[in-house]
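# Examining the three-dimensional arrangement
What follows is each chain in one-letter form.
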Amino acid sequence: MNLTLHVWRQTGAAAAGRFERYDARDVSEHMSFLEMLDVVNGRLIEEGKDPIAFEHDCREGICGSCGMVINGRPHGPVPRVTACQLHMRSFTDGDQIWIEPWRARGFPVLKDLVVDRSAFDRVIEAGGYVSIRTGAAPDANAVPIPKRDAERAMDAAACIGCGACVAACPNGSAMLFTAAKVAHLGALPQGQPERYSRVRYMLAQHDDEGFGSCTNHGNCEAACPKGISIDCIAQLNRDAIRAALGKGTEYAGAAGGGA
Amino acid sequence: MRRVAAFYQSTVGKKVAMAITGFILVGFVIGHMLGNLKAFQGAEKFNHYAEGLRELGAPFFGHGQVLWLVRIALIVSVGAHVLAAAQLTLRSWRARPAKYHAAPHLELSYASRTMRWGGVIIAGYVAYHLMHFTLGNAHPDFLPGDAYHNLVVGFQSPWVVAVYLVAVAMLTFHLYHGIWSALQTLGASHPAVNRWRRGAAAALALVVLTGFAAVPVGVFAGIIR
C-alpha cells in the first residue's frame, strides 16, 4: 500500500517545529508502524536527508520507549497496543497519517518525535519504591498476599511508563502514571510503611514537573496500551486525602532511607 | 492543619475542595428545585414556603438569620469552587501548550468537555437569576414578598424561559460529569459500586433537569398562572 505521512519535524528543543510530508511507497501490511518508519528513514538517508528521530527499544510492547501520536491517538488507532506493535494492516491504501510527538509541558520535545520523559523518573524517585533491607533473600511466599490484592497490584504494575496517558490528557496531567505506582505499591504489604508519605511526595513531584490536574475525562485510560484503570486515580485521591488528615505520621522518619 | 494547607496547594487538594463545595451546591440545587415545585400548589402555598425560608431555625434563630447563614455558606462554596477551578484550569492550559493536528475525543464526553465554560455560563446565569427574582432589578414588575406573582410574571417572556432552559441544560451536563467526578476525586471508588456511579450521576442530573424545567414550562403552558 502507499501512504502519505505528515510527520512533525523539529531539530531541537528550542527550535520551532513543523509538519513535513513524506510518501511511504510499497508498504507491506505485515510491517509494524516502526518498520514502516524505518523504511522511510532508509530512503531519507540514501537521499542524504536527516532521518525522522523516534524512540524505540524492545519493539514488543513492554519497554515503553516508543510513543507517538498517530492521527490524534497516542500509539495509533488500535486500543491497548503500543506503536511498535501496531501493524500497517490497521491502515488502508491511500491513507493520510499525521504523526506527532507527545505534547505536554512536562515532556519537552528533544527532536522530531522524541520527547524527554525524565519527569516520570523524578516522580518515581520521589516515592515510587519500597525501602527494604537487602541481604539474604527471604523465603518465597513468606508474606501471604490475598489473591485479589495481588491481582490489583499486578494490573497497576503493568504500566510501562510510555507517557500515552499524558499525551491523551487535555490537561497534560500525569495522574494515571502516578496513580498506577501508588495503587501498585499500596495494594501490597511491602508498600504499607511508606504508603501515605509516598502519595504526598509523588503528588508534589507530579505537580512540580508542570503536569496539569486531572478532570476525570478518562482519555488516559482509553489511550493506555496496558489498560491501566482510572480506579487507580481514585485510590491515589483517597490515599492523598488520608495523608492530609494525618495518616502515615506513625511512620515519619522512616521514609526515604530505612536503615 | 499544616498538612491540610499543604494538601490544598496540590492539584488533588484543590480538586477535593471543588468536590466538597460541589456537593454543598448540589444539595442547594436539590432543595431549590423542591421549593420551586411548590409553585404547582398555588400562590398561597408557594408564598408561604418562600416566606418560611426566612423563619428557618425558629424559634432558636430570629427572622432571616438562618437564611443568611445558608447564603454565606453558599457564597463561600461558590467562591472556593470557582477559585480552585480557575487555578486548576490555568495550570492545565499551561501544561498543554500545543494542540494536536487532529485529536479525536476518545473518552471525552460533551459534559466533561464543557465543565469549564459551562460553569462560567451557569455562574453568569446565577447573577442574572438573582437580579431577576431576588433583587428584582431585572424584573418587569417585582413585588417584594409576592414570590408567586414574581415567578408567573417573570416567566411570561419566551426569551426569559429560553435562557432559563439553556442554563438548566448546562447545569444538567455540569452535574452529570461533576457528581461522578467528585466521587472519583473523593476516592469513593469500589469495584462493587463503580458501575453505578455514572448512572446515579445521570439520574440525579435528569431529576434536576425535569424539576427545574417544569416550572417555567408550566408557566408558559398556562398551568401555573
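Keep in mind that this is a model prediction, so the values were computed, not measured.

Further remarks concern the overall build of chain B. Summing up its helical and strand segments, chain B has nine helices and zero strands in all. Of the regular secondary structure in chain B, the N- to C-terminal order runs α-α-α-α-α-α-α-α-α. For chain B, the C-alpha atoms occupy an extent of roughly 55 × 45 × 40 Å along the three principal directions. For chain B, buried positions account for 40% of its 225 residues. Carbon and sulfur atoms make up 72% of the accessible area of chain B, which totals about 12,400 Å².

A word on the overall build of chain A. For chain A, the count of helices and strands is eight helices and seven strands. Here the C-alpha coordinates of chain A stretch approximately 65 × 40 × 35 Å along the principal axes. Sequence separation of at least 24 residues holds for 69% of the intrachain contacts in chain A that already meet a minimum separation of 6. Put simply, chain A shows about 11,500 Å² of open surface, and 51% of that area lies on carbon and sulfur atoms. Here chain A carries 27 positive and 31 negative side-chain charges, and the mean point of each set is 5 Å from the other.

To continue, consider the pairing of strand 5 (residues 96-100) of chain A. Note: strand 1 (residues 3-9) of chain A against strand 5 of chain A, four bridges, orientation parallel. Considered in strand 5 of chain A, the bridge of L5(A) is made with I97(A).

This part is about the interface of chain A and chain B. For interface size, the figure often reported is the accessible area lost on association. Each partner contributes residues to the interface: chain A has 51 residues there, and chain B has 39 residues. Approximately 3,600 Å² of surface area, both sides summed, lies buried where chain A meets chain B, with 53% of it carried by carbon and sulfur atoms. When the area that chain A buries against chain B is broken down by residue, the three leading residues are R103(A), N216(A) and H217(A), summing to 17%. For the interface between chain A and chain B, the tally reads zero salt bridges.

Let's shift gears to the pairing of strand 1 of chain A. Residues and elements named next belong to chain A. Among the seven residues that make up strand 1, seven are buried, leaving the element largely enclosed by the rest of the structure. Alternating positions in strand 1 separate into two faces, L3, L5, V7 and R9 on one and T4, H6 and W8 on the other, with burial throughout. Two elements, strand 1 and strand 2 (residues 18-24), share seven bridges in a ladder whose sense is antiparallel. Bridge assignment links T4 to a residue of strand 2, and that residue is D23.

Our next topic: empty space enclosed by the protein. Residues and elements named next belong to chain A. Tallying each qualifying case throughout the model produces four cavities of 30 Å³ or more. Those elements that place two or more of their residues in the lining of the largest cavity are helix 5 (175-186) and helix 7 (219-223). Classifying every residue of the lining of the largest cavity by side-chain character gives nine nonpolar, eight polar and no charged. Of the volumes computed, that of the second largest cavity is approximately 80 Å³. Taken together, 13 residues line the second largest cavity, and the ones lying closest to its centre are C159, C162, C165, C224 and I228. Taken together, the elements giving at least two residues each to the lining of the second largest cavity come down to helix 4 (164-168) and helix 5.

This part is about the side chain of N237(A). Structurally, N237(A) is set in helix 8 (residues 231-244). The residues touching N237(A), leaving out its near neighbours within four places in the chain, are V12(B), Q184(B), T185(B) and G187(B).

What follows covers the pattern of salt bridges. Between side chains of opposite charge, a pair can form when the charged atoms approach closely. Residue and element names in this part refer to chain A. Across all of its chains, the model carries 17 salt bridges over all chains by this definition. For K49, the salt bridge is made with E47, and the minimal N-O distance between the two is 3.3 Å. Taking the relative accessible area as the measure of exposure, E47 reaches 42% and is therefore partly exposed. Taking the shortest distance from any N to any O, the salt bridge between K111 and D112 comes out at 3.8 Å. A residue is classified by how much of its surface remains accessible, and K111, at 25% relative accessible area, is partly exposed. Residue classification places D112 among the buried residues on the basis of a relative accessible area of 2%.

Quick look at the confidence of the model for chain A now. Predicted confidence across chain A gives a mean pLDDT of 94, with 96% of residues reaching 70 or more. For residues 254-259 of chain A, every residue scores under 50 in pLDDT, and the model assigns this stretch seven contacts once sequence neighbours within four places are set aside.

P59(B) follows A58(B) through a cis peptide bond whose omega is 5 degrees. Position of P59(B) relative to the elements: it lies in the loop between helix 3 (43-53) and helix 4 (65-95). In the Ramachandran plot, R80(A) falls in the positive-phi region, its phi being about 60 degrees despite a non-glycine side chain. Although it is not a glycine, N141(A) adopts a positive phi angle of roughly 65 degrees. Within the element layout of this structure, N141(A) appears in the loop between helix 2 (118-127) and helix 3 (147-157). Relative accessible area serves as the criterion here: at 75%, N141(A) is assigned to the exposed category.

Take the domain arrangement of chain A next. All names here are of chain A. The domain boundaries assigned to chain A delineate domain 1 (3-111) and domain 2 (118-251). For domain 1 and domain 2, the distance between their C-alpha centroids amounts to 29 Å. Domain 1 puts 16 residues into the contact, and the matching count from domain 2 is 18 residues. In total, about 1,300 Å² of surface goes out of reach between domain 1 and domain 2, with carbon and sulfur atoms giving 63% of it. Among the residues of domain 1 in contact with domain 2, P74, R80 and F107 are the three that bury the most area, contributing 36% of the side total. On the surface where domain 1 and domain 2 come into contact, there are zero salt bridges.

What counts, and where the lines are drawn
Residues numbered from 1 in each chain as written. Chains lettered and ligands numbered in written order. Predicted model: local features only at pLDDT ≥ 70, side-chain atom pairs only at ≥ 80, totals over all residues. Heavy atoms only, no water. Helix = DSSP H or I, 4+ residues; strand = E, 2+ residues; numbered from the N terminus. Buried < 20%, exposed > 50% of the residue type's maximum accessible area, 1.4 Å probe, protein only. Areas by Shrake-Rupley, 256 points an atom, 1.4 Å probe, with all protein chains shown as cover. Contact = heavy atoms within 4.5 Å. Lys, Arg positive; Asp, Glu negative; His and termini not counted. Charge placed at Lys NZ, Arg CZ, Asp CG, Glu CD. Pairing = 2+ DSSP bridges. Buried area = accessible area lost by both parts, 1.4 Å probe. Salt bridge = Lys/Arg side-chain N within 4 Å of Asp/Glu carboxyl O. 1 Å grid on protein atoms, 1.4 Å probe; cavity = no way out; pocket = protein on both sides within 12 Å on 5 of 7 lines; lining within 4 Å. Points joined across faces, edges and corners; volume = space filled by probe spheres on them. Nonpolar A, V, L, I, M, F, W, Y, C, P; charged D, E, K, R; others polar. pLDDT = per-residue confidence, 0-100. Domains from an automatic or database assignment.

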